[in-house]
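The chain contents come next:
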Amino acid sequence: MLNNPPFVRIADADPAHLFPAGLEYNPPARGMWNIVQMGMLIPGAHQIYGCAQGCLRGVCLTAAEMNALDRLSWISLTEEDMFNGTLEQSLVDGVSEIVRQLDPHPPVVLLFLSCMHLFAGCDFDAVIADLSAAFPDICFVDCYMTPTMRESVPPVVQTCRQMYTPLKALPKNPKAVGIVGNDRPTDEDSELMKILRGAGFAVRDLTRCKTYDEYLQLADASLNLTYIPTAHAAGELLTERFETPCLHLPNSFDYDKIAENYKTLCGALGISCPDFSAEMQAADHALDALKAEIGGIAVAVDYTAVTQPFSLAALLCQHGINVKYVIADTVGEDAAAFRWLQENRPELLIYAPANVNMLHQHTQAAEPVLAIGQKAAYYFATDHFVNLILNGGYYGFSGIRKIAELTAEAYRTTKDRRTVLRHKGYGCASCLL
Amino acid sequence: MKHTAKIIPCYAADSAGACSALYELGGMTVVHDASGCNSTFATFDEPRWWDQQSMTYISALTELDAILGNDEKLIADVTAAAADQNPKFIAVCGSPMPMMIGVDFDAVAFEIEQRTGIRTFALHTNGMHSYPEGASEALRCIAEEYVRPAETKIPNGVNLLGMTPLDFDNLHTAASIREWLAENGFETVACFAMGDALETLANAANASVSLVLSQSGLAAAEYMHEAFGIPYVCGVPYGEAFSALLADTLRNAAADGTCAFPCTERGQAGQTVTVIGEAVSAGTIAAALGLTGYAANVICPLPHDKRLLTAGDSDAFAEDEIAGALAEIQPETVIADPLYRFILPNAAKLIGLPHTAFSGRCYDKIIPDLTGNRFDAWYKEML
């Protein structure tokens, strides 16, 4: 009997505490984005990291693999810096030295500090103020690579929020709606986009910005939408700064919740809600077709593929699909689906993605598995997998239909698992390809 | 903050060096860190991560545990994991935050050993130095802990010290160097630390000489010199001429017990070539070129023993210092990782030699095995 078993029957799981904390293993599935890739979304932005070498290494090579080393610089922190009273001045000097070499100056510098700066009480406001005075043409943004603080303010959430701070107030455009906090555009076929486009709204979305001027235009939205959990703080920031209302419309796989989202959105836009029963039926047909094609094969869903893995698992189960495994270490917005699975699929196993006893999971003899997500593909050693990160831009009924179609395609075909999973940052440029 | 870089990346950190050195030895290596160290190591620094599993983990340090100094959680978590996985040894390493809060890793290791009954040692990394420091401490520690006094001395027995994928990422290189030793009448006793189990390393005192392949192996070599009287020779068998010199130097060292640094030989005439990289590898390349008519020198931006560089070499380590050194030298050719291309003098020709400890996976498909006369063929092709 292991001290820390890597899986638990869902019937026995406590949704508030799926697994005990412990040492962590890092599986080689690299599709999730990090703060470097997020920061690159702001057109023309330059990132500077002030951190210890061990922390710098990962961000530098993320940029290198994206062929974007020219957009990232760094200042290495030494032991002496922590204790000789020059922490702030050294940062100002180091950033100034780098900025003087940038020609032309970038419109924005995202300056990332580390856990050590926070523990040392670094006066980041003073650093930003000094730099802003020295380089008035540049907007310096305080950013945080602080994984030690991940339980209070996760770096991805914080970065997502800070990326909207360079925006300046603009007159509100009543026909502009923002989609905030994503790392990829929302699928144009989604009902969400059809509602917005159909009613003549312009969509403001950082992921679609090609120029810095387009980025600045994000501030004129009269309504903002978020739908992934890490985007909450960014939406709240825009509400605080520009009094722009923000709706959170979670990317659920529950039909009632999806319909409720559309009703809420249309109410806020002052338009009548279209009838999406055809899209709902198409989703049902796709799921039924998926079931007919894949039969009883075991299916695994992981939390990197979709933000609500239990919601997706419940939907698939409701269509007769044999979801046996979910890889997740927390239960978030899909607690209701979790409870449904506890009652209706009590034998479903939840695997802890970073548990040390997952080290050899991929070598265990298992039945054929059809995976949705990279970590599920790795841990269940299958080349039949859907390569999807954070819902892949899919949303609503059309999103369900497309994910069902992708799952059927994954059943019919194979992917080169190793090549796909080693690509850091799904959708990003990569020198490895 | 004396170290800034506008564009080039930084080298792998000391904790990565420690993890890399211990990777194949059947132990459990735990970096006390919040989250980034293991992801960075597994993604960029460790090419074996997919094919060869190793008990290399992080502690997942949290803000609350850092503030409260909750070392008990680290100790309990390592103890629990060790009970599940039964490692041959346990190594606990530091990262920046534990340095900041003053974690006593020796005490933590002692406590873990008391609870698990498994030999546990501390490695004093803090994520603020480069990989040779962590790898050096780890390999020396393995030598101190596990190498037994010689039962039977092997007259032509050689230890290979300082071999990790951070410096030797072409995984054929380890086998090629063993083949080269065999072709020259030597027997490989132990390789620290690729391809041999901990039990094999324990026999290292049977060797008559150590071949130090990188700075990371030098501390272990010095220990075995002090403890067992085994002399060491620094260099890598690159190039036909240098490899022959290296083989002769190994024979002489085994016979008379003298340590030697053939990687510091330099040519004085011919085209100027600057080699940027790890001290032993870069020095070897400069020496190999020196033997074939080039005036080559080294820029070593990494920690190194002073005996590994020589007159005309440079220890510039920051981006502007390296660019300044190159501007002063004005070499006709630079052999360096391709990511140094951003800071080379305009007139210099770059011969890219990917170095995993610098560019990670970016060029992992084209890292050459330069053992023996392969180096000569490679250089000719690159020209």
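Only a predicted model underlies this, so the values are computations on that prediction, with no experimental measurement involved.

*Asks:* Which parts of the structure should I look at to understand the overall build of chain A?
*Replies:* The helix and strand inventory of chain A stands at 17 helices and 14 strands. By the compact-globule yardstick of 22 Å for 433 residues, chain A fits well, its C-alpha radius of gyration being 23 Å. By sequence separation, contacts in chain A at least 24 residues apart represent 74% of the contacts at least 6 residues apart.

*Asks:* Hey, could you run me through the overall build of chain B in this one?
*Replies:* A count of helices and strands for chain B gives 15 helices and 13 strands. Its C-alpha atoms give chain B a radius of gyration of 21 Å, near enough to 21 Å, the size a compact globule of 383 residues would have. Its C-alpha atoms give chain B principal-axis dimensions of roughly 60 × 55 × 35 Å. For chain B, the proportion of its 383 residues judged to be buried stands at 62%. Sequence separation of 24 or more characterises 69% of the internal contacts of chain B that already satisfy a separation of 6 or more.

*Asks:* Is there a simple way to explain the interface of chain B and chain A in this structure?
*Replies:* Interface size is often expressed as the accessible area that is lost when the parts come together. Every contact between the two is made by 54 residues of chain B and, on the other side, 57 residues of chain A. Secondary-structure elements contributing two or more residues to the side of chain B that touches chain A are strand 1 (3-5), helix 2 (36-45), strand 3 (55-58), helix 3 (63-68), helix 4 (71-85) and helix 5 (96-101) of chain B. Ranked by the residues each element gives to the side of chain B that touches chain A, the list is headed by helix 2 of chain B, at eight residues. Two elements, strand 3 (residues 72-76) of chain A and strand 1 of chain B, share three bridges in a ladder whose sense is antiparallel. Residue pairing across strands places A:Trp74 opposite B:Ala5, the latter belonging to strand 1 of chain B.

*Asks:* Can you walk me through the sheet that holds strand 5 (residues 120-123) of chain B in this structure?
*Replies:* The pairing of strands in a sheet comes from backbone hydrogen bonds and takes either a parallel or an antiparallel form. Residue and element names in this part refer to chain B. Within the open sheet, the four strands sit side by side as 3-2-4-5. Their pairing is parallel. Both edges of this open sheet fall to strand 3 and strand 5, since each of them pairs with a single strand only. Neighbour-to-neighbour, the strand axes of the sheet open up by a mean angle of 20°, direction not taken into account. Pairing geometry for strand 4 (residues 90-93) and strand 5, over four bridges, is parallel. Bridge pairing in strand 5 links Cys 93 to Leu 123. Across the face of the sheet, helix 2 comes into contact with strand 2 (28-31) and strand 3 while running at roughly 140° to strand 3. Of the strands in this sheet, strand 4 and strand 5 are in contact with helix 6 (residues 105-116), which crosses strand 5 at around 165°.

*Asks:* Explanation requested: the sheet that holds strand 8 (residues 221-226) of chain A in the structure shown.
*Replies:* All names here are of chain A. In space, the four strands of this open sheet follow the order 7-6-8-9, with parallel pairing throughout. Pairing within the sheet leaves two strands with one partner each, and these edge strands are strand 7 (202-205) and strand 9 (246-248). Neighbour-to-neighbour, the strand axes of this sheet turn through a mean angle of 25°, independent of strand direction. Here strand 6 (residues 173-179) pairs with strand 8 via four bridges, running parallel. Its bridge partner lying in strand 8, Val 177 is registered against Leu 223. Taken strand by strand, helix 10 (residues 232-242) contacts strand 8 and strand 9, and its axis lies near 160° from that of strand 9.

*Asks:* Where do I start with the domain arrangement of chain B in this structure?
*Replies:* All names here are of chain B. Partitioning chain B into domains gives domain 1 (14-129), domain 2 (151-262) and domain 3 (263-382). Inter-centroid distance (C-alpha atoms) of domain 1 to domain 2 is 29 Å. Each partner contributes residues to the interface: domain 1 has 11 residues there, and domain 2 has nine residues. Ranked by residues supplied to the side of domain 1 that touches domain 2, first place goes to helix 1 (residues 14-22) with three residues.

*Asks:* Help me out: how do you make sense of the confidence of the model for chain B in this one?
*Replies:* With 99% of its residues at a pLDDT of at least 70, chain B reaches an overall mean of 95. Interface scoring of the predicted complex returns ipTM 0.95; its pTM is 0.95.

*Asks:* Got a minute to help me understand helix 1 of chain B in this structure?
*Replies:* For an α-helix, the turn length of 3.6 residues means that residues three or four places apart are oriented alike. Burial analysis of helix 1 of chain B places nine of its nine residues in the buried class, the great majority of the element. Here helix 1 of chain B has its buried residues at B:Asp14, B:Ser15, B:Ala16, B:Gly17, B:Ala18, B:Cys19, B:Ser20, B:Ala21 and B:Leu22.

*Asks:* Can you help me understand the nonpolar core in this one?
*Replies:* When a protein is soluble and globular, its nonpolar side chains tend to lie buried together. Residues and elements named next belong to chain B. If you look at the biggest cluster of nonpolar residues, it comprises 279 residues, and the most contacted ones within it are Val 92, Leu 139 and Phe 192. Looking at which element gives the most residues to this core, the answer is helix 12 (residues 279-290), with eight residues. With residues near it in sequence (within four places) discarded, Val 92 still touches Val 30, His 32, Val 78, Phe 105, Val 108, Ala 109, Ile 112, Thr 120 and Ala 122.

*Asks:* For this particular structure, what's the right way to read the pairing of strand 10 (residues 298-302) of chain A?
*Replies:* Within a regular strand, side chains alternate between the sheet's two faces. All names here are of chain A. Most of strand 10 sits out of view: four of its five residues are buried. Both strand 10 and strand 13 (residues 369-372) contribute to a ladder of four bridges, which runs parallel. Bridge pairing links Val 299 to Leu 370 in strand 13. Across four bridges, strand 10 lies against strand 11 (residues 323-327) in parallel orientation.

*Asks:* How should the pairing of strand 6 of chain A be read in this particular structure?
*Replies:* All names here are of chain A. Inspection of the sheet shows strand 6 paired to strand 7 by four bridges, in the parallel sense. Opposite Gly 178, over in strand 7, you have Arg 204 as the bridge partner. Crossover strand 6 to strand 7 through helix 8 (residues 191-198) is right-handed.

*Asks:* Explain helix 4 of chain B to me, please; I cannot follow it from the model alone.
*Replies:* Residue and element names in this part refer to chain B. With 15 residues, helix 4 extends 21 Å from end C-alpha to end C-alpha; this agrees with the ideal 21 Å at 1.5 Å per step. Looking at helix 4, one finds that the buried residues are Leu 74, Ile 75, Asp 77, Val 78, Ala 81, Ala 82 and Asp 84. Contact partners of the buried residues in helix 4: strand 2, strand 3, strand 4 and helix 6. Just past helix 4, the residue Asn 86 takes up positive phi, approximately 50°.

*Asks:* Before we go on, may I ask you to explain unusual backbone geometry in this structure?
*Replies:* Peptide bonds are mostly trans, and most non-glycine residues show a negative phi. In this chain, A:Asp103 is followed by A:Pro104 through a cis amide linkage whose omega measures 5°. Turning to its location among the elements, A:Pro104 is positioned in the loop between helix 4 (87-100) and strand 4 (108-114). In this structure, B:Ala193 follows B:Phe192 across a cis peptide bond, with omega equal to 5°. Mapped onto the fold, B:Ala193 is located in the loop between strand 7 (187-192) and helix 9 (198-201). Even without glycine at this site, A:Glu243 takes up a positive phi of about 55°. Summarising the element assignment, A:Glu243 is placed in the loop between helix 10 and strand 9. Taking the C-beta count within 10 Å as the criterion, A:Glu243 has 9 such neighbours and is therefore assigned exposed.

The rules we used
- Residues numbered from 1 in each chain as written.
- Chains lettered and ligands numbered in written order.
- Predicted model: local features only at pLDDT ≥ 70, side-chain atom pairs only at ≥ 80, totals over all residues.
- Helix = DSSP H or I, 4+ residues; strand = E, 2+ residues; numbered from the N terminus.
- Rg over C-alpha atoms; globule rule 2.2 N^0.38 Å.
- Contact = placed C-beta atoms within 7 Å.
- Buried ≥ 20, exposed ≤ 12 C-beta atoms within 10 Å, placed from the backbone.
- Pairing = 2+ DSSP bridges.
- Axes fitted to C-alpha atoms, helices over the stretch in contact; angles between N-to-C directions.
- Domains from an automatic or database assignment.
- pLDDT = per-residue confidence, 0-100.
- Core = buried A, V, L, I, M, F, W, Y, C linked by C-beta atoms within 7 Å.
- Right-handed = clockwise from strand over helix to strand, strands pointing away.
- Expected span 1.5 Å × (residues − 1).

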